[in-house]
Amino acid sequence: MVAAVKQDTQGGVLLVVGLVTAHLAISGAFQSYVRTGLRIPLLLAGGFLVVVGLASVFYRAPTDHDAHGHGGAAARVGLLMLVFVITIYLVAPAPLGAFAAGRGDQNRAIAAAETVAPPDLAEPVDGHVEMGLVEFLGRAFHFPETLKGVPVRLIGFAAPDPDGSTGYRLTRFTFACCAADATPLQVLLVDPPDIPADDQWVVVEGMFTGEIVGDDLGPIPVLTVTGQEPTSEPTVPYEY
Amino acid sequence: MVTERLEQKRRSLPGFEIVVGIVVAAALLNRVVAPYLSGPHLQTWATIFVATLLQAMPFLVLGVAMSGAIAAFISADRMQRLLPRNPVGAVATAGSAGLLLPGCECGSVPISGRLIAGGARPAAALTFMLSAPAINPVVLVSTAVAFPGRPGMVAARFIASLVTAIVMGLLWLRADQQRIVDRAMQRVQHGASRWWTFALTARHDFLQAGGFLVLGAAAAAAIQAFTPRGVLDQLGGIPVVAILGMATLAIVLSICSEADAFIAASFTQVSPTAQLTFMVVGPTVDLKLISMQSGVFGGRFASRFAPVTAIVAIAMALAVGWWLL
């Protein structure tokens, strides 16, 4: 068949997809898209594709059937796998940020969950208890008394507050499997010294006011800010 | 045969070099082009698109490795002995066998194509394709985690999904089996040795399933990135149409079956039956699955199979939800 894609081209696609998958796993960049725990499965998958790809490129597979072209038709669709590779290198997609957070749905899962009582607060560091947004939000929605009078230190990136307050929303995404099922975690910061640019990562110190704004589809606890410091994006930008 | 060999040797199109060239060019052009590709919609689309593919990659590779192994190492005799002769028994056995494959839906589509080529009854292989991603242990555990203190939800999901898969298999017992078998046989790759058959089959299925997965993932990511989330939520927020809305959401979002329980649980404004509908429909019909099924079984097949599956899945979710939830 004329349109058949040749064996070494097919092998080339597998080789390239395998190498890119393994590269993302080794460099850690995969954590912008999926969970840290997927590193080994990604390496194994990439390795398998590299082996099958190399075999196809460097040894012509002895076959009695390949000539009738069905394999070639499948391989034509398979060239679309290159869109995956090209997207990674050309668009270089960043972890989900302030724009995606603006789609709403913030904190809904945590506010809706029936949670058990949280463990005791961690020991304060420099007078502030450090915690993730998952822990902070769980306490704020279900056990607000455990945050009363407790100065906390949180990390996240800046996203605008569309409700027009004078502050901004400290944000981090959470997901179960990958960024395709991500929802934002958000805390409204009031009276910050200044409003950082969207997507700028910050460490914030402050105290829960006890107030929760927003509606049932996206409740947001309010934090008064006492300290604010820009920081760099963490290796794992999401909180699980 | 000889002329074909010669033709292959002539290398009219240096395919491998082009593939490598495209990738190298993309990597080099990154710095030049990236600033023009930094729009927030495009960035969000790309992040979700890449995330969906990376999440699917290990399961897809596991799936095509298994389909290669089925083609290379399981003879047709052996395959037929694995399943009961009685067609209904074969469908029921295949449905329950879904418990054994711990993966998402992406891997099970190529596997079921190879089961058919290997001699399994098409209806039984289709039942396996629908049940494996919905009732395997990983999915059931993640459902239990997403709905703490509500074991009824896990039971309801298990029963509704298994029954959906078996009903679809029974319906397709009456369909034109020969057409499906012919299509599956066309895809057979014969290598000179078992290991070459394994490699050729795995390569073929990876390219075919992966290519259609790219199409489906691109569409689902576009819906997520370009539709305001509020619009999707309102679909699920109207009580009368909540069930249909959640089913539609499951189809367009194309979330992996291991993650969908967490999304379903976050829709607290709809009834538990609507949440169940989301989890029963998602692993059996969604954009990426429709795309992949049309690749493996043909567009004609997918255009009938997907809507019927959606209707059966919704009906089963309603019945089991009414009974258990």
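Residues numbered from 1 in each chain as written. Chains lettered and ligands numbered in written order. Predicted model: local features only at pLDDT ≥ 70, side-chain atom pairs only at ≥ 80, totals over all residues.

Some remarks on the interface of chain B and chain A
(1) Moving on: With 71 residues of chain B in contact, the opposing surface of chain A contributes 72 residues.
(2) Moving on: Those elements that place two or more of their residues in the side of chain B that touches chain A are helix H1 (2-10), helix H2 (15-33), helix H3 (40-73), helix H11 (194-226), helix H12 (229-237) and helix H14 (260-266) of chain B.
(3) Moving on: Looking at the side of chain B that touches chain A element by element, the count peaks at 18 residues for H3 of chain B.
(4) Moving on: Along the lines of polarity and charge, the residues of the side of chain B that touches chain A split into 43 nonpolar, 22 polar and six charged. (Contact = placed C-beta atoms within 7 Å. Helix = DSSP H or I, 4+ residues; strand = E, 2+ residues; numbered from the N terminus. Nonpolar A, V, L, I, M, F, W, Y, C, P; charged D, E, K, R; others polar.)

Digging into the environment of methionine 129 of chain B
Residues and elements named next belong to chain B.
(1) Moving on: In this fold, methionine 129 is placed in helix H7 (residues 122-135).
(2) Moving on: C-alpha of methionine 129 to C-alpha of glycine 113: the two residues are 16 residues apart in sequence and 9.0 Å apart in space.
(3) Moving on: Beyond its immediate stretch of four places on either side in the chain, methionine 129 contacts Ser108, Val109 and Ser112.

Overview of the pairing of strand E4 (residues 183-190) of chain A
Residues and elements named next belong to chain A.
(1) Moving on: Burial runs high along E4: seven of the eight residues are buried.
(2) Moving on: Of the pairings in the sheet, the one linking strand E3 (residues 168-174) to E4 comprises seven bridges and is antiparallel in character. Note that in E4 the partner of arginine 172 across the bridge is leucine 185.
(3) Moving on: Summarising the sheet, E4 and strand E6 (residues 220-230) pair through three bridges and their orientation is parallel. Counted as the bridge partner of valine 190 is threonine 224 from E6. (Buried ≥ 20, exposed ≤ 12 C-beta atoms within 10 Å, placed from the backbone. Pairing = 2+ DSSP bridges.)

Concerning the environment of glutamate 145 of chain A
All names here are of chain A.
(1) Moving on: Residue placement: glutamate 145 occurs in the loop between helix H7 (133-142) and strand E2 (152-160).
(2) Moving on: Judged by the 8 C-beta atoms lying within 10 Å of it, glutamate 145 falls in the exposed class.
(3) Moving on: Residues glutamate 145 and aspartate 120, 25 residues apart in the sequence, show an inter-C-alpha distance of 12 Å.

Brief notes about the nonpolar core
It is characteristic of soluble globular proteins that their nonpolar side chains tend to be buried jointly.
(1) Moving on: In this structure, Leu53, Leu54, Leu60, Ala209, Leu213, Met246 and Val281 of chain B are the most contacted members of the largest nonpolar core, which totals 181 residues.
(2) Moving on: Each residue touching leucine 53 of chain B, except ones within four places of it in the same chain, is listed here: Phe84 of chain A together with Leu213, Val214 and Ala217 of chain B. (Core = buried A, V, L, I, M, F, W, Y, C linked by C-beta atoms within 7 Å.)

Structural notes on H7 of chain B
(1) Moving on: Compared with the 20 Å implied by 1.5 Å per residue over 14 residues, the 20 Å span of H7 of chain B between its first and last C-alpha is a close match.
(2) Moving on: Burial analysis of H7 of chain B places 14 of its 14 residues in the buried class, which makes it a mostly covered element. (Expected span 1.5 Å × (residues − 1).)

Digging into the packing of helix H6 (residues 105-117) of chain B against helix H16 (residues 287-297) of chain B
All names here are of chain B.
(1) Moving on: The N-to-C vectors of H6 and H16 enclose an angle of 15°; their axes lie 10 Å apart at closest approach. By the angle class used here, H6 and H16 are roughly parallel. In terms of crossing hand, the pair formed by H6 and H16 is right-handed. Counting all contacts with H6, which are made through Glu105, Val109, Pro110 and Gly113, the residues of H16 involved are Leu289, Met292, Gln293, Val296 and Phe297. (Axes fitted to C-alpha atoms, helices over the stretch in contact; angles between N-to-C directions. Parallel < 35°, antiparallel > 145°, perpendicular 65-115°, else oblique. Left-handed = near helix turned anticlockwise from the far one by under 90°.)

Considering unusual backbone geometry
All names here are of chain A.
(1) Moving on: In this structure, alanine 92 is a non-glycine residue whose phi angle is positive, near 45°.
(2) Moving on: Taking the C-beta count within 10 Å as the criterion, alanine 92 has 18 such neighbours and is therefore assigned partly exposed.
(3) Moving on: Phi angles above zero are rare outside glycine, and aspartate 199 is one such case at about 75°.
(4) Moving on: As for its position among the elements, aspartate 199 is in the loop between E4 and strand E5 (201-213).

The values reported here are purely geometric and, on their own, carry no functional implication.
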